[in-house]
Each structure stands twice: as C-alpha cells, then as structure tokens.
Amino acid sequence: RWTLVWCHERSMTQECKTLRKTLRRKAQKYGAELLCLKKAHMFEQWLSVATERYVLFTDWREVKHCTEVIDLQGPKSRPMFTCVFCIDEKQQRRAAHWVSTLAERKDSIYINENLSCAELTVMSFLHQASKVPSNDVQVPPISPLSQPMNGDEHVSCSFEVSRFQEIQPMKDEV
C-alpha cells in the first residue's frame, strides 16, 4: 500500500470535488490511497509520522516548502517522486528552472501542466508508482508525459489563493 499525497490549497474545496473523486478512484485502481492536504506545513505534519511510501502531487506554491521539509527529514522521508502541476507555461518555466538549481536527488521532481487537464499523465505516474516495491522509482522521461493529450478529462480546479483551513474529513468521496 502507498499514498498519493495531493498538497494544494484548494484540494478540499467544493470546486475541486470532481477532480478529488477522480484522483481517489485512480489512486485506488493502482493500490494507493489519496490524502489531500491544503498547505505544505500540513504535509510536514503528516510526513513526520508517515511510514508508507508515497508520491507527492503539488503545485508551484507549495513545492519549495515541501522539498525543504523532505530534505530536513532525511532520506527515509523521500517520496517515490514529486509531480509539480503548473497553471501556465510561465509557471512551468519557473519551476523547471528551480528544479535545475537543486542538488541531485534520488526522488525526481517532474514539472507538468495543470492537474485538472492531465488525466493521462496522472494515470501514467500512478501506474509507475504502483509497480515499484521501494522508494527507488524509475519514471518514464518527462517529455511525453508533460504534453497535453487528446481525451484528457478537463475538470475545473482553480489555483487561486485562499484562506488556510484545517484538514477536514472528506465526506464526499463515498
């Protein structure tokens, strides 16, 4: 068993309900559970007690803090890999530049298009993670995965700044 951690400030909102349900179904299909966290400090709290393998899906706003937390907690806290979903090309360029400045990592960081437009990309990453028995994951090269694909499900999921709220149980994922 492993966990798909979705760290995004809007992950628990009503507007992301459809996307959240889709991620939950896809994660379960590949033997994972979905954990939605609104901010990187909540990820930090979870990571301090986590024992299972995980993949981190996050956005440009949260990824820097998340990777700092991972680095501080040491090698055993590393995800199989991290996927950063960006809202536009400008953000993708910034994120790619930031990743290029990092020291070499065993946990790869992949830069992708907006999560709500990347169903096939998500499925590919989940499939790869489900096949790996340890934290040493090998994900296919990023270039084919980061391209928009015909047939991707488009779900509205805004990436606007909102007030912080505590983690709440997800009652809508039945």
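For the structure, check the block above.
Residues numbered from 1 in each chain as written. Predicted model: local features only at pLDDT ≥ 70, side-chain atom pairs only at ≥ 80, totals over all residues. Heavy atoms only, no water.

Participant: Help me get a handle on helix α3 (residues 60-73), residues and values and all.
Facilitator: Here α3 contains 14 residues, and its C-alpha end-to-end distance of 21 Å stays within 8% of the 20 Å for a straight helix at 1.5 Å per residue. Those residues of α3 that sit buried are W60, E62, V63, C66, T67, V69 and I70. For α3, the arc enclosing every buried residue in end-on projection is 160 degrees, short of the 170-degree limit, so these residues lie on one face. Immediately downstream of α3, the backbone of G74 shows phi near 95 degrees, a positive value. (Helix = DSSP H or I, 4+ residues; strand = E, 2+ residues; numbered from the N terminus. Expected span 1.5 Å × (residues − 1). Buried < 20%, exposed > 50% of the residue type's maximum accessible area, 1.4 Å probe, protein only. Arc of directions from axis to C-beta.)

Participant: Lay out the nonpolar core in plain terms, naming residues and giving numbers.
Facilitator: Residues W2, L4, W6, L23 and F57 are the most contacted members of the largest nonpolar core, which totals 27 residues. Looking at which element gives the most residues to this core, the answer is helix α5 (residues 119-130), with five residues. Among all residues touching F57, those that are not within four sequence positions of it are L4, V5, W6, C7, L23, C83, F85, L115, V122, F125 and L126. In terms of nonpolar packing, the next biggest core, distinct from the first, is built from 13 residues, F43, Y54, V69 and I70 among them. (Core = buried A, V, L, I, M, F, W, Y, C linked by side-chain atoms within 4.5 Å. Contact = heavy atoms within 4.5 Å.)

Participant: Now, about the packing of aromatic side chains: what can you tell me, with residues and values included?
Facilitator: Applying the stated rule across the entire model yields eight aromatic pairs. Between the aromatic rings of Y110 and F125, the centroid separation amounts to 5.6 Å while the plane-to-plane angle is 40 degrees, which identifies the pairing as tilted. Linking Y110 in strand β5 (residues 108-112) with F125 in helix α5, this pair joins segments that are 15 residues apart in sequence. For the pair shown, Y110 and F125 are each scored as buried. One aromatic cluster is present, formed by F43, W46 and Y54 through successive ring pairs. (Phe/Tyr/Trp six-rings, centres within 6.5 Å; stacked < 30°, edge-to-face > 60°.)

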